[in-house]
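# Residue-level structural notes
Here is how the chains run, residue by residue.
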Amino acid sequence: MTRAQTAYLDDDTLDLSVADATPARVIEIGDITAGIAVPERGGVRFFSSERRFDGLDGTLFRTVEQAARAAREKGRQPRLRAVV
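What counts and how
Residues numbered from 1 in each chain as written. Predicted model: local features only at pLDDT ≥ 70, side-chain atom pairs only at ≥ 80, totals over all residues. Heavy atoms only, no water. Pairing = 2+ DSSP bridges. Helix = DSSP H or I, 4+ residues; strand = E, 2+ residues; numbered from the N terminus. Expected span 1.5 Å × (residues − 1). Buried < 20%, exposed > 50% of the residue type's maximum accessible area, 1.4 Å probe, protein only. Arc of directions from axis to C-beta.

So, about the pairing of strand β1 (residues 25-29). Two strands pair when backbone bridges link them, and β1 and strand β2 (residues 32-40) are joined in this way by 5 bridges, in the antiparallel orientation. Among the inter-strand pairings, Ile27 is bridged to a residue of β2, identified as Gly35. The hairpin formed by β1 and β2 contains 2 residues between the paired strands, and Gly30 there has a positive phi angle of roughly 65°.

Spanning 13 residues, helix α2 (residues 64-76) covers 19 Å between terminal C-alpha atoms, matching the ideal 18 Å at 1.5 Å per step. If you check which residues of α2 are buried, you get Val64, Ala67, Ala68, Ala70 and Ala71. Projection of α2 onto a plane perpendicular to its axis shows the buried side chains occupying an angular sector of 160°, all on one side. With respect to the buried face of α2, the exposed residues turned more than 90 degrees away are Glu65 and Arg76.

This is how it looks when you write it as structure tokens:
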């Protein structure tokens, strides 16, 4: 299941000039869509779209490149599976 977050912002914290200048970017690792990087004041916020990247969900990165690097590193980590 993918988590979704809703942010409630007042007019003082919403900086539309940043949002207008830079579109949200999809971050893909190989054939997997890891999530999206949404611009906001101070950088981009990562929202995961795949469970293995949920540990990065909601993290604020300075750049899209930093978010993509973190997703690549997270994608390299071995996935643990339940043994039944």
